[in-house]
Structures are given as C-alpha cells and as structure tokens.
Amino acid sequence: MPRRRQRVHVGSGSDGTEDSDSSAEREQTNSSESDGNIPKRTRLTRASLRLSQSSQDTPDVKQDESPPLTPTGNAPSSESELDISSPNVSHDESLAKDPALRDSDKDLSHRPKRRRCHETYNFNMKCPTPGCNSLGHLTGKHERHFAVSGCPLYHNLSADECKVKATTREKHEEEAKVQEESNRHATRHQTPTSRQTRYKEQVTEMRKGRNSGLSKEQKEKYMEHRQNHGNTREPLLENITSEYDLELFRKAQARASEDLKTPQERLRIQGQITEGSNMIKTILFGRYELDTWYHSPYPEEYARLGRLYVCEFCLKYMKSQTILRRHMAKCVWKHPPGDEVYRKGAISVFEVDGKKNKIYCQNLCLLAKLFLDHKTLYYDVEPFLFYVMTEADNTGCHLVGYFSKEKNSFLNYNVSCILTMPQYMRQGYGKMLIDFSYLLSKVEEKVGSPERPLSDLGLISYRSYWKEVLLRYMYNFQGKEISIKEISQETAVNPVDIVSTLQSLQMLKYWKGKHLVLKRQDLIDEWKSKETKRGSNNKTIDPSSLKWTPPKGT
C-alpha cells in the first residue's frame, strides 16, 4: 500500500498558521516517513512497546479532568509536554524529552529547520562622516542620508547647494526632453541646430582653461584640506578641471548615490522608518489598532511588514488579517496562562511563570518593547514571574497591563518591568499595578522598590503613587512623631523612595542638626478633596481579594 503522508506544520512559532497535534501524531508521522528503513522501524517498535507497557501500568484518566488546552491544541500535563507542544521549541529539545522521537528521528535533514528569531534591522543608522548630522542628500531630493555616497558634507557641499544643483539638473533634463520630442521625426543626418551650435561653443569656451596648473594658494588650500580631513572627505575638485566637466562628474555622483541606496536606507529616506522608531508602525490587538512608539526585535520577516496582527489572548503575532481570523477561530485561550491570584469584579491578575510558559512570556516582552524605551529583556524570561492584569467581559480576559519581578532579587526589587497598554492609560490601571506589586511585598514581609533606571512615564507613575501613599498615611496618622522607618514598614515602600518623595513635596526640613518631617495640611486637604471627587470610580486594589502565597525559594 502507498504510504500515507501526513502534514506537519513547522514555522517561526507566531504566525498563527500552525495547528500542531499531540506528540502521538508526531510519532505516527515519523513512523510513516521511516517505513523504508528497517532498523529504524524496529527501534520505533521497541520504543512503542515500552510506551504501551508503561501506559498499561498507569491508571486511566477521565476526559473531563484534563487540563485546559494550550494555543496549539494540546493538553499538557507537565512542563515538558508544554515545551514540546510549543511551536518555538527546537526540534533537538523535543527529541531529548521523548525517547521514542529520539530513536525514530535519526535523519531529519530533509525537513525544514525552525527559524531563529534574533535578527533585526539596525535602527540607529547614522552617516559615518565625522561631524555630519545626516541632514540633506547629494541628489537634493531627500531630507536625510545614512551613507557616504549620499553625504553632502563628504563631497564638500551643503544641503542647500545640493538642492540648487538638483533644481538646475531637472530644468536641463526637461529642456532636453522637449528638444528630443521636437527632433523625433527629423532626419537622422540633420545638420546641428543653432541652439546646439551655441551650446557646443559654450562648452569649448569653458574647457579652455582646464589644463592650466594650480596656483600656490590653491595648492596650500588643498594640502590643508587633506591634512585636516584625510580620507573622511572628498578632495577639493574646484579648479582642477573645467566647470562643465565638474558638473558632469557631480551629476554622475548624484545618480550613483541614488542607485547605491540599500533597501533599508531607501525606506528610512522615504520616511517609512525614522530614527529611534521601528518598522512596525501599527499593531492590530483585539478591537484596537495601536500606534507603536519604539523598536521591538520581532523577526525580520514580520518587522518589514509595517503592521502586525497579534492575538490578544495568547499574544502570537501574525502577518495578515486572514491568518489572525483563522487563528482566532481555533485559539482556545481566553485568559493568560498560569494561576489567577486576584479577582475583584472584572479585574483579574494572573501569575505566569517565565519557565513554565516561556513562549507566552517572550511574546509579552516583545509586545511590551513596542511601548517601552529602556526594556532590554526579550528571551531570557525563565528567572522572572509575570503578573498580568486583565479586564473580563463575555469574550474573555483582555490584557490591561503587566509587571514582572525576579524570583530571587538580592536588592528586593518588586518590579523589573511594568507596562500599561496604551488603550488603558490614564484610567488608573498603572497605579493599580504598582499598588499590587507593593501588596505582594507586604505579604512577603519585605520592603520593595522598582528596578532602576525608571523610564520617564514610569517615574511619573511611581512619584504619583508614592505621593498618594504618603499623604494617605499622614491623613490617618494621629501621633506626634513620624518615623520614616515606621512608614516604610507599614507601606512596604523603600525609605530612599520615601525621602525623595518628601523632598519633592517640600515636607522634609533640616533644623538644628535633625531632619524633620512637616505635615503640610494644605497638601493633605487637596489630596482628600480629589479622593472624594473620584468616589466609586477610583480604581484600587482590595487586599482581601488576593489569594496568593509567596513562591518557595524567594
């Protein structure tokens, strides 16, 4: 009987087209491909016998007690099964975890290799000419350049001079086209026109002095230019030849610089990529279309598209609307993986382990980098825990924001990276994430602080939160003497952060050799009035809704 060939999807792991099945189907695929090799079939049979014997010894598991499915359709019962079903796990790792696959897949060179998604564009390109600000272009048609071939400064010109020369060249080209159109139907051996004769005489007149030598002053000027700039600038070409020949040479240089532009430089010059940004301009995330702020190292084949399509539940990234629609039809995730440690109303917080859910956490970091400037962690997510805040409705739990923290932080950092999605900014969710991180520190009986350096938006959010915490403490304080240590122990805020906030509020004074904390009633009354106006709309974290114990080893 002819062999039945099964289709196995192998891809970059986030395009949404793969629909891998369980590891048993992979064994069946490998066995069908190795029918022509008897020793391999024998080893596979022995391995399958061992697996069948071990399966007979284990008790049956009911179908309704199976764990929730992953985005690939599998139901992993352990960390190893989750890694095998994940599309981004390498083939060698899957073989090492399953002995049957290791025995059967000795020669898989004919299969396509999995793509490593670490190559990105260089988005910090600048002109290599010393002292050049990348403004202008030798052709006079663009506002910026990123190579020596298009640098006006290298060619001893200015951006304005290049524009003037470009206008002159375009005018001459238009006149030449008109002349060519008028002479198209003329005879081949027609005598030169009066215009052509005058032009020839002008060229002859301009070329008369091209063989004259340079004066002493000109030679000194050229030598000084060469000593100052060396090979970083083009030699001075004036007075070496005629103006006509020099103009022809400049025209050829401009045309060559236009042809020598790389595809990346061409996109940047056209404005599709700007310095400090990225090629991904927008992402389609759920029912929102978000403009990105910074570069994120997505794979090259996705970054060049300009628009990315992301599943809002499993965070897989895809190339087109059609792939996203097909993926959403079969995606079984409606909330982040991991344990739900907090729920009040529609707000939930899930604790996701970077080691157990590596693919999800990597995709979350890539998504966050689109809106964070200082984030550098993308792939090494195993030492971190991710706390993902969601807002639930009848379609699922939608991503609001998240923060990550190290499992073992020697400096007691309670936040490594924090982000609120742009569609939920300025609605109080950022303070909720910060408050939740300090709530975890209180449960751990530790004093926490965010990891430095803080981004601009992060510093504003934390300063606002620390101010609110301190004013609330002052409002409820009934004693006579305030201790910074007591404030730190009650609020879990680091004393350094408390002192910096008191200084910014002008509530810390140095008097007679002692630091005094001033209770400014005007600031407390202002905070209280704002708190009253917010009323029930104020978003806060309820400690009684937290169901969480500190992870072991922290």
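Each chain carries its own residue numbering, running from 1 in the written order of its sequence. Owing to the predicted nature of the model, reporting of local features is limited to residues with pLDDT of at least 70; listing and counting of side-chain atom pairs is limited to 80 or more, with chain, interface and lining totals taken over all residues. Hydrogens and water are ignored here; the side-chain numbers use all heavy atoms of the structure.

**Q** Give me the lowdown on the overall build of the chain, citing residues and values where you can.
**A** Scanning the chain from N- to C-terminus turns up 18 helices and 13 strands. For each residue, the accessible area found with a 1.4 Å probe, counting protein chains only, is set against the maximum for its type, and the residue is called buried under 20%, exposed over 50%, and partly exposed in between. Residue burial in the chain is summarised as follows: out of 554 residues, 40% are buried. Within the chain, counting contacts between residues at least 6 apart in sequence, those at least 24 apart form 59% of the total. Summed over its atoms, the accessible surface of the chain is roughly 33,100 Å², and 49% of this surface lies on carbon and sulfur atoms. Helix and strand labels come from DSSP, where a helix needs a run of H or I of at least four residues and a strand needs a run of E of at least two; each type is numbered from the N terminus. By definition, residues are in contact when any of their heavy atoms lie within 4.5 Å. Residue exposure ignores everything except the shown protein chains as possible cover, and the areas themselves are Shrake-Rupley values with a 1.4 Å probe.

**Q** Would you mind going over the sheet that holds strand E3 (residues 307–310) in detail, with residue names and values included?
**A** Criterion used throughout: strands pair if DSSP finds at least two bridges between them. Pairing is mixed across the open sheet formed by 4 strands, whose spatial order is E2-E1-E3-E4. Whereas interior strands pair on both sides, the edge strands pair on one side only; in this sheet they are strand E2 (288–291) and strand E4 (317–318). Across 2 bridges, E3 lies against E4 in antiparallel orientation. By the bridge assignment, Tyr309 is partnered in E4 with Met318.

**Q** Describe the sheet that holds strand E7 (residues 384–393), listing the residues and the values that go with them.
**A** Pairing within the open sheet is antiparallel, and its 5 strands lie in the order E5-E6-E7-E8-E10. Among the strands making up the open sheet, the edge pair consists of strand E5 (339–344) and strand E10 (417–420). Adjacent strand axes in the sheet meet at a mean angle of 20°, parallel and antiparallel pairs treated alike. Bridge count between strand E6 (residues 347–353) and E7: 7 bridges; the pairing is antiparallel. Note on E7: the bridge partner recorded for Ser348 is Thr390. On the sheet, helix H14 (residues 429–444) packs against E5, E6, E7, strand E8 (396–406) and E10 and is oriented at approximately 50° with respect to E8. A fitted line through C-alpha atoms represents every axis, and for helices the fit uses only the stretch in contact; the resulting angles, taken between N-to-C directions, go from 0 to 180 degrees.

**Q** I'd like a description of the state of the cysteines, backed by residues and values.
**A** By definition, a disulfide links the sulfur atoms of two cysteines through a covalent bond. Any two cysteine sulfur atoms lying within 2.5 Å of each other are counted as a disulfide. Using the criterion set out here, one finds 0 disulfides in the structure. Not part of a disulfide, Cys127 finds its nearest cysteine sulfur in Cys151, a span of 3.7 Å. You can call Cys127 buried: its relative accessible area is 8%. Here Cys331 is not cross-linked by a disulfide; its sulfur's nearest cysteine counterpart is in Cys314, at 3.9 Å. Given a relative accessible area of 7%, Cys331 falls into the buried group.

**Q** A description of helix H18 (residues 521–534) should follow, citing residues and the corresponding values.
**A** To estimate the expected span of a helix, count its residues, drop one, and scale the result by 1.5 Å. Here H18 spans 20 Å end to end across 14 residues, near enough to the 20 Å set by a 1.5 Å rise per residue. Among all positions of H18, only Leu523, Ile524, Trp527 and Glu531 are buried. The buried residues of H18 all sit within an arc of 100° when viewed along its axis, so they share a single face. Facing away from the buried surface of H18 by more than 90 degrees, the exposed residues are Thr532 and Lys533. Close packing links the buried residues of H18 with helix H15 (456–476). Where H18 terminates, the next one or two residues include Gly535, which has phi positive at roughly 60°. The arc in question is the one traced by the directions running from the helix axis out to the C-beta atoms.

**Q** Describe in detail the UniProt feature "active site" (unreviewed entry) in the chain, supporting the description with residues and values.
**A** UniProt positions are given in the numbering used here, feature names are shortened, and annotations may be inferred rather than shown by experiment. The UniProt entry lists Glu451 under the feature "active site" (unreviewed entry), expressed in the numbering used here. Relative to the helices and strands, Glu451 is located in the loop between strand E11 (449–450) and H15. For Glu451, a relative accessible area of 28% corresponds to the partly exposed category. Every residue in contact with Glu451, bar those within four places of it in the chain, is listed here: Glu406, Tyr413, Val415 and Ser416.

**Q** Give me the pattern of salt bridges: which residues, what numbers.
**A** Criterion for a salt bridge: a side-chain nitrogen of Lys or Arg within 4 Å of a carboxyl oxygen of Asp or Glu. On inspection of all chains with the given rule, the structure shows 16 salt bridges. Ionic pairing is found between Arg250 and Glu234, a salt bridge with its closest N-O pair at 2.9 Å. With Arg250 in helix H9 (residues 243–259) and Glu234 in the loop between helix H8 (216–229) and H9, this pair connects stretches of sequence that are 16 residues apart. We classify Arg250 as buried; its relative accessible area is 6%. Its salt-bridge partner being Arg472, residue Glu531 comes within 3.8 Å of it at the nearest N-O pair. Placement of the pair is Glu531 in helix H18 and Arg472 in helix H15, with a sequence separation of 59 residues. You can call Arg472 partly exposed: its relative accessible area is 28%.

**Q** Describe the packing of H14 against H15, listing the residues and the values that go with them.
**A** At a closest axis distance of 10 Å, the pairing of H14 and H15 adopts a crossing angle of 65°. The crossing of H14 and H15 is right-handed. Packed against H14, whose contacting residues are Lys431, Ile434, Asp435, Ser437 and Tyr438, the element H15 presents Ser461, Tyr462, Ser464, Tyr465, Trp466 and Glu468 at the interface. Partitioning the contact of H14 with H15 into residue classes produces 5 nonpolar, 3 polar and 3 charged. In this scheme the crossing of two helices becomes right-handed for a clockwise turn of the near helix relative to the far one and left-handed for an anticlockwise turn of less than a right angle. In this classification, the charged set is Asp, Glu, Lys and Arg, the nonpolar set is Ala, Val, Leu, Ile, Met, Phe, Trp, Tyr, Cys and Pro, and all remaining amino acids, among them Gly, are polar.

**Q** I'd love a proper account of the packing of H15 against H18, names of residues and values included.
**A** Where H15 meets H18, the axes come as close as 10 Å, and the angle between the chain directions of the two elements is 105°. In terms of orientation, H15 and H18 fall into the roughly perpendicular class. Counting all contacts with H15, which are made through Glu468, Leu471, Arg472, Met474 and Tyr475, the residues of H18 involved are Leu523, Ile524, Trp527, Lys528, Glu531 and Arg534. Tallied by class, residues from the contact of H15 with H18 come to 6 nonpolar, no polar and 5 charged. Geometric relationships in this document are graded by angle, where less than 35 degrees denotes roughly parallel, more than 145 denotes roughly antiparallel, 65 to 115 denotes roughly perpendicular, and other angles denote oblique.

**Q** Talk me through the packing of aromatic side chains; I want residue IDs and the actual numbers.
**A** The relation between two aromatic rings is expressed through the spacing of the ring centres and the mutual angle of the planes. For this analysis, a ring pair means two rings from Phe, Tyr or Trp (six-membered ring only for Trp) whose centres lie within 6.5 Å, classed as stacked if their planes differ by under 30 degrees, edge-to-face if by over 60, and tilted for the remaining angles. Inspection of every chain in the model, using the stated rule, returns 14 aromatic pairs. A ring pair is formed by Tyr342 and Phe436, whose centres lie 5.8 Å apart and whose planes are at 75°; its orientation type is edge-to-face. Of this pair, Tyr342 sits in strand E5 while Phe436 sits in helix H14, and the two are 94 residues apart along the sequence. Ring centres 6.2 Å apart and planes at 55° place the aromatic pair Tyr387 and Phe436 in the tilted group. Separated by 49 residues along the polypeptide, Tyr387 in strand E7 and Phe436 in helix H14 bring together distant segments of the chain.

**Q** Describe the nonpolar core, naming the residues involved and giving the relevant values.
**A** If you look at the biggest cluster of nonpolar residues, it comprises 85 residues, and the most contacted ones within it are Ile283, Phe285, Leu367, Phe386, Met389, Met421 and Phe436. Apart from the residues lying within four places of it in its own chain, the contact partners of Ile283 are Tyr288, Glu289, Leu290, Thr292, Leu308, Leu367, Leu370 and Phe371. We call a set of buried residues a nonpolar core when its members are Ala, Val, Leu, Ile, Met, Phe, Trp, Tyr or Cys and they connect through side-chain atoms within 4.5 Å of each other.

**Q** Account for the confidence of the model for the chain, naming residues and giving values.
**A** Here pLDDT means the predictor's own confidence in every residue, given as a number from 0 to 100. The share of residues in the chain with pLDDT of 70 or more is 71%, and the mean pLDDT across the chain is 74. The model gives residues 1–124 a pLDDT under 50, and that stretch makes 157 contacts with residues more than four places away or in other chains. Every residue in residues 272–278 is under pLDDT 50, and counting partners more than four places away or in other chains gives 25 contacts.

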